[in-house]
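Residue strings, one per chain:
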Amino acid sequence: MKRSLVVLLTAVSMSAMTVGTVAPVWAETEVTEENTETTEAAEDSKDADSTDSELEDGVYGVEFDTDSGMFHVNEACNGRATLTVKDGKMTVHISLVSKNIVNLFLGTAEDAQKDGAKLIAPTTDTVTYSDGISEEVYGFNIPVEKLDEEFDLAILGTKGKWYDHKVSVTDAKEQTEEEKNAVVIGEEEGEEASDAKEEAANTADEKAAEDTTEETKD
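Please read these numbers as outputs of a predicted model, since none were measured by experiment.

Although it is not a glycine, Asn78 sits at a positive phi angle of roughly 55°. Relative to the helices and strands, Asn78 resides in the loop between strand E1 (58-66) and strand E2 (80-86). Residue Asn78 is classed as exposed on the basis of its relative accessible area of 51%. The phi dihedral of Asp148 is positive, around 65°, even though this residue is not glycine. Here Asp148 is to be found in the loop between strand E6 (134-144) and strand E7 (151-157).

Across the two faces of strand E5 (residues 123-128) the burial differs, with Thr123, Asp125 and Val127 buried and Thr124, Thr126 and Thr128 not buried at all. Following E5, the chain reverses through five residues before pairing antiparallel with E6; Gly132 in that reversal takes a positive phi of roughly 90°. Two strands pair when backbone bridges link them, and E5 and strand E9 (residues 183-184) are joined in this way by two bridges, in the antiparallel orientation. When the bridges of E9 are listed, Thr126 appears paired with Val184.

In this section: the pattern of salt bridges. For the structure shown, the criterion picks out nine salt bridges. A salt bridge links Asp111 to Lys114; the nearest nitrogen and oxygen atoms lie 2.9 Å apart. On the basis of relative accessible area, Asp111 is assigned to the partly exposed category, the value being 30%. A salt bridge links Asp171 to Lys173; the nearest nitrogen and oxygen atoms lie 3.8 Å apart. Ionic contacts of the salt-bridge type, sharing partners, join the residues Glu63, Arg80, Asp171, Lys173 and Glu179 into one network.

Calculation criteria
- As a convention, each chain's residues are numbered from 1 in the sequence order in which they are written.
- Local features are withheld for residues below a pLDDT of 70 in this predicted model, meaning they are given only at 70 or higher, and side-chain atom pairs are given and counted only at 80 or more; totals for whole chains, interfaces and linings count all residues.
- Excluding hydrogens and water, the side-chain values take into account all heavy atoms of the structure.
- By definition, any uninterrupted DSSP run of H or I lasting at least four residues is a helix, any uninterrupted run of E lasting at least two residues is a strand, and each is numbered from the N terminus.
- Remark: exposure states derive from per-residue accessible area (1.4 Å probe, protein chains only) relative to the maximum for the residue type, with buried under 20%, exposed over 50%, and partly exposed in between.
- By this definition, two strands are paired if DSSP reports at least two bridges between them.
- Whenever a carboxyl oxygen of Asp or Glu lies within 4 Å of a side-chain nitrogen of Lys or Arg, that contact is scored as a salt bridge.

Below, the structure is given as structure tokens:
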């Protein structure tokens, strides 16, 4: 009888020790899970905030990189563009090498040709080269969601054809005096003028196709 009582007491004692050991583990697990949830919530909040500008309101010089040697900023700008941050929203202004690109679209060439597509109209900028010669070229104001990330940008040439490109805006710094003096940014053309240019480009493209057809018949 005594032996059975001793065995019973020993079993009870071991059970109490086991519960005492497991309880802190459960508590630690719960704390860890709470900390993980808090961290994830903070990261989600940070990601949501990153949709706005990472910079304070102001004007900056930036690199504007493209995937094509045929589409780039004017040499007078040394590969740089002007980034304006207002109310947390970013817009980059690029001055091109000529007036051969008449519209831009923030997206793909396919989407640019859909009804209701919001095209970006050009500005008429004046660039000044290192030798002092000035020239009028087209520029464009492009909305930017995030820095240092590629995004789709379609361009429309004077022949009425859209082309797909990948571009990015990087290396935001305080704008230098040289950058400020390199270009005088003009006013953006109205929607009617932009539509007229697009229609003229399409007409020119159609006429070229008709001329090609006539030549083939001859």
